[in-house]
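# Structural description and commentary
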Amino acid sequence: MALVAVSIHVPTPDDVETALSQSTSAIEEGADIVEWRIDAWPGMEQAAEAVDELVKNASVPSILTVRSVAEGGEFEGTADDIAQLLEAVHATGTCPRYIDLEAPMWLESEALRSAWRDMGEDTGLILSRHDMLGRPGDLLRAMADMSSIEEAAVVKIAWRARSARDSIEAFDVLRTRAKPTIALCMGEAGLPTRVLAGREGAFLSFAAGTGGPTAPGQCSVRDLVSRYRFRELDAETDVFCILGDPVAHSISPIVHNAGFADTGFNGVFMPLPVAPGWESFKATVGVLLEDGGFRLRGLCITLPHKEHALRFVKESGGTISDIAQRAGAANTIVVDEEGALVADNTDAPAIVETLGIEPSGSRIAILGAGGAARAAVAGLVEAGARVDLFNRTPERAQALVEAMDDHMCTLGDLDELSGYDVILNTTSLGMEGGPDPEANPLESLGLPDWMLEEASVVYECVYAPRNTPLVEAA
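Residues numbered from 1 in each chain as written. Predicted model: local features only at pLDDT ≥ 70, side-chain atom pairs only at ≥ 80, totals over all residues. Heavy atoms only, no water.

## Focus on the pattern of salt bridges
For side chains bearing opposite charge, pairing can occur when the charged atoms are close. Inspection of every chain in the model, using the stated rule, returns 28 salt bridges. Two residues, arginine 297 and glutamate 337, come together in a salt bridge whose shortest N-O distance is 4.0 Å. Highlighted residues: arginine 297 in strand β11 (residues 296–301) and glutamate 337 in the loop between β13 (332–335) and β14 (341–344), separated in sequence by 40 residues. Overall, glutamate 337 belongs to the exposed group, its relative accessible area being 61%. (Salt bridge = Lys/Arg side-chain N within 4 Å of Asp/Glu carboxyl O. Helix = DSSP H or I, 4+ residues; strand = E, 2+ residues; numbered from the N terminus. Buried < 20%, exposed > 50% of the residue type's maximum accessible area, 1.4 Å probe, protein only.)

See the structure below:
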C-alpha cells in the first residue's frame, strides 16, 4: 500500500513548533509519513538540534530533505555542506526514517555518501532527481542509473508536466520499476500521478499540509485522502476527467467524487488542463485512451473544447447523440467497455430545464458563440424559443446561425435590442481564472445595461465566482 507523505517547508529552526503543528493536522487528515523540507538550514548552528526535535516529536516516520535551487528548492550550498549537516544530525542520536539526497550530489561527494552511511541501517536513502522545466531527455537512463545504486532504498523522479502524456510516462516508469519508486509530475497537469500513484505501485505520493505546497501541483492531504479516496483506488478503478482551460475552478471533481463515494462506485474524477486548440485536445484524449492501464471511462468537457470533443468522437467513428449533433458540440464523452466512444450534450436540456420561464415563445439574447452557446441554442430553439446571438467576433456568431439553419436563431442586431425575456451568458468573461475575470460580458459586447431591466431572467453559465460582474450588474 502506497504511503501518503505530507511535505512541510520549515523555513528556519525557529519554525519547528509551527511545522510540528502542521504535521499533526496532516496526520489527522491521513498522512502516513512527513517530509521535513529544510532547504535553507545547512550551516546554521541550531540545525541538528531542530531536526532532532522534528523527528522525535512527529508521531509518524520522517523524511529529511534539503532540496537545491537547481532542483526546485532553496539550498544554495554544496553536497559537502549537506554532509556536515547529516553528521551533526547523527550526533544527536535521532535519525529520520529516510533521507532524500539528489543523485548528482550523491555521485559527486564521497563526504555525503560517507555521512549517509554513518546514519545506520535504520535510515533509508531516497535517491532523487527533479526537473523543473519538463520531462528529462534521459528519463529512462536516469531511472536505470539511480536504480543501479545499491544503497538506494527508494528512487524518485519528478518533473514538470506539460500535458497528460507526462502522467502516462510516469506510470510507465512505475510499471517497469526495479525497486521501490516514486514517479511524480509537477504542475496542474501532473495531478493524475499523485492521485493514482498508489494504484500504479508507487512507494508514496506527496501532498501539501496547511502551510501550502512545497512543489507545484501538490493537492492537500485532505483532498488526496478524502476527495480522491487515494487508499481505495485499485487496478479496477475507472477514471473520469474534466478537460478544459482553465479547469482548476471546476466543482465537478467535488460533485462526482462525492457521488462515487456515496454510491460505492469504484471510480475517481480529476481535473486535467488541456491547452486551447484541436491538436492539444486530440493528443490528450488520444494518449489517455491508448493507455489501457489508465482505464479512462468518461470525460466532461468545458471551455474551450466542446466542439473539439464532438469532432474527436466523430473522427474516431463513435456515436453522436441527436442533441450533440444539432448543437455541434459535446460536453460529455463516454467510453464503453469495448472502448467505443459516445458523445453527448447535457448542457442543452439542463439550460432548458433550469431557465426559470417557459422557453416556448420567449425571446432570448445569448452572449457568446462557443460550445456552450451551441448547446443553449440547440436546446432552446428546439423548445420553441427565439434566440439572438451576440459575440465579440460576429463572424463566429454568424457561422453558428448558419449551422443551426433555423429561422428561430438569428444574429443579434445592436439597433433592435428591446424585448428580451432572458439574457444568457455563455462566455468565459467574468470567470475566476479566466482570461478576463473582471469583465461584464454586456459591456464587452457593447450592449447596454438597460437590457437587464427588461429581462425576466439573467442566466449566468459561469459559476466561479458566484457573483460575477454580470450577476452584480443584474
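Here the narrative resumes.
## Structural notes on the environment of proline 273
With respect to the helices and strands, the residue proline 273 is situated in strand β10 (residues 267–273). The spatial distance from the C-alpha of proline 273 to the C-alpha of alanine 88 is 45 Å, given a sequence separation of 185 residues. Leaving out residues up to four positions away in the same chain, proline 273 has contacts with Glu188, Ala189, Gly244 and Val247. (Contact = heavy atoms within 4.5 Å.)

## A closer look at the nonpolar core
With 101 residues, the main nonpolar core has Trp36, Met270 and Phe281 as its most contacted residues. Setting aside anything within four residues of it in sequence, one finds phenylalanine 281 in contact with Leu243, Val274, Ile301, His305, His308, Ala309, Phe312 and Ile333. Formed by 27 residues, the second largest nonpolar core is a distinct cluster that contains Val377, Leu389, Cys409 and Val422. (Core = buried A, V, L, I, M, F, W, Y, C linked by side-chain atoms within 4.5 Å.)

## Some thoughts on the environment of glutamate 432
Looking at where glutamate 432 falls in the secondary structure, it is placed in the loop between β18 (422–425) and α17 (441–444). Between the C-alpha atoms of glutamate 432 and serine 418, which are 14 residues apart in sequence, the distance is 30 Å. If we ignore the near neighbours within four places in the chain, the residues touching glutamate 432 are His249, Pro437, Ala464 and Pro465.

## Quick look at the sheet that holds strand β12 (residues 319–320)
Taken in spatial order, the six strands of this open sheet run β10-β9-β11-β13-β14-β12, and their pairing is mixed. Every interior strand has two partners, whereas the edge strands, β10 and β12, have only one. Direction of pairing for strand β9 (residues 238–244) relative to β11: parallel, over a ladder of five bridges. The residue bridging phenylalanine 240 from the neighbouring strand is glycine 298, located in β11. (Pairing = 2+ DSSP bridges.)

## Quick notes on the packing of aromatic side chains
Under the definition given, this model contains eight aromatic pairs. Look at tryptophan 106 and tryptophan 116: their rings are 5.8 Å apart centre to centre, the planes differ by 75°, and that puts the pair in the edge-to-face class. Of this pair, tryptophan 106 sits in helix α4 (residues 103–108) while tryptophan 116 is found in helix α5 (residues 110–118), placing the two residues ten residues apart along the sequence. Looking at tryptophan 106, the relative accessible area reads 2%, which means it is buried. Seen from their ring centres, phenylalanine 240 and phenylalanine 265 are 6.0 Å apart, and the 50° between their planes marks the pair as tilted. Of this pair, phenylalanine 240 sits in strand β9 while phenylalanine 265 is found in the loop between α10 (252–263) and β10, placing the two residues 25 residues apart along the sequence. Ring pairs connect the aromatic residues Phe240, Phe260 and Phe265, which therefore count as one cluster. The ring of tyrosine 98 is capped by arginine 97, whose NZ or CZ atom sits 4.4 Å from the centre of that ring. (Phe/Tyr/Trp six-rings, centres within 6.5 Å; stacked < 30°, edge-to-face > 60°. Lys NZ or Arg CZ within 6 Å of the ring centre and 35° of its normal.)

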